[in-house]
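# Inside the fold
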Amino acid sequence: MDIKEIVKFLSEYDGRELRLMEVCGTHTAAIRENGIPSLLSHKIKLISGPGCPVCVTPASYIDRLCDLSLQDKTCIVTFGDMIRVPGSKEALQNVKSKGGNVKMVYSPFEIIDLAKGDRDTIFIFAAVGFETTTPIYAVLLDKIISENIENIKFLTALKTMPAAIDVLCSDADNKIDGFIAPGHVSVITGADAFKPLAEKYSLPFVVSGFKGEELLASIYALVKLQGQSKVLNLYKSAVGDRENEKAKALVDKYFTPSAAYWRGMGSIENSGLELKEEYSRFDAGSKNLTEDLPANKGCSCAEVITGRKSPFDCPLFAKVCNPENPQGACMVSGEGACFNYFINR
């Protein structure tokens, strides 16, 4: 079936109402950039899930980064979007203006030169991410250990996707009819990682690429697969059926499964990764990050991340909350649902 026939089918669909969720921030961006919702029948609703690692990180994590940045001889090293994410009181950029020591980098490996250049300062990397990012931190740890660098630590908020999707599927009040499986995560986990969920909940999962045509084909497949416990891989150029064994070995060397706190979903068992006990000297206090109190009580990020609300349903959206003045994490990151809904209105 060519793309014109797929668009015709999706625009004319008149079956039961479907709620299809993407759980990859890059998919969220591509869906909005390509105007895909406008091509679909009103009976096919696309909803954004917890696909942005910055967005699902609780405010308590930001608060701890802020506190650490104000400690003597301590520097927080992070990417640009993390600097702007609000904690329960303020963001790193605000603390920086009050004397907090914060460095923005484009690559985690930049922390090596920072640490070598100032041996008296402890440099703490804000290690946030999903399965795709964790192997990078494992490689970085390899390098830190091999070069005997003693003034680098990590504050981790590393998460794994399947357990979070399990929680979403188990919510009877938030029914989801199928998933566009996370493309980048699937490169590491393999498509088969979603088979247990497909079978447990009798739901289809489709692994998709990021081009507009690929996403439309994936949505078409989800509609046609309704009621089937099936995982379909339409991104075979990058994703295999099985997990990436090399990446798994790297991660298993340094990290162990743990509970993790997700914005909007609370603590989820075996949905996180923390440093193994033998490497705890590199940890800057990552455990017991639970509470998630937004600075603005009107923020709906928790509901947006879980598909209970569209960004358009948030009372702050495009009013007091915008990319220049984000009131919640979903408006900060380029993978955030609110950010993408705002710039592609």
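The notes below deal with the structure included here. (Residues numbered from 1 in each chain as written. Predicted model: local features only at pLDDT ≥ 70, side-chain atom pairs only at ≥ 80, totals over all residues. Heavy atoms only, no water.)

### Observations regarding the packing of aromatic side chains
Inclusion rule: Two rings from Phe, Tyr or Trp (for Trp, the six-membered ring) form a pair when their centres are within 6.5 Å of each other. A pair whose planes differ by under 30 degrees is stacked, one over 60 is edge-to-face, and the rest are tilted. A helix here means a DSSP run of H or I that spans at least four residues, while a strand means a run of E at least two residues long, and both kinds are numbered starting from the N terminus. The rule is simple: take the accessible area with a 1.4 Å probe, protein chains only, and divide by the maximum for that residue type; under 20% is buried, over 50% is exposed, in between is partly exposed.
For the structure on display, the rule yields 13 aromatic pairs. Considering the side-chain rings of phenylalanine 210 and tyrosine 235, the 5.7 Å spacing of their centres and the 85 degrees angle between planes classify their relative orientation as edge-to-face. Here the residue phenylalanine 210 occupies a position in the loop between strand S8 (205-207) and helix H12 (212-224), and tyrosine 235 occupies one in the loop between strand S9 (231-233) and helix H13 (245-254), the gap between them amounting to 25 residues. The pair formed by phenylalanine 210 and tyrosine 235 is uniform in burial state, with each residue classed as buried. With centroids separated by 5.4 Å and ring planes inclined at 90 degrees, the aromatic side chains of phenylalanine 312 and phenylalanine 317 adopt a geometry described as edge-to-face. With relative accessibility at 46%, the residue phenylalanine 312 sits in the partly exposed group. Ring pairs connect the aromatic residues Phe79, Phe125, Tyr137 and Phe154, which therefore count as one cluster.

### Some details on unusual backbone geometry
With a phi close to 55 degrees, asparagine 270 is a non-glycine residue in the positive phi region. With respect to the helices, strands and loops of the structure, asparagine 270 is situated in strand S11 (residues 266-275). On the accessibility criterion, asparagine 270 (52% relative accessible area) is exposed. Positive phi, close to 60 degrees, is recorded for alanine 318, a residue that is not glycine. Along the polypeptide, alanine 318 turns up in the loop between helix H14 (301-305) and helix H15 (337-343). Among the residues examined, alanine 318 registers a relative accessible area of 35% and is labelled partly exposed.

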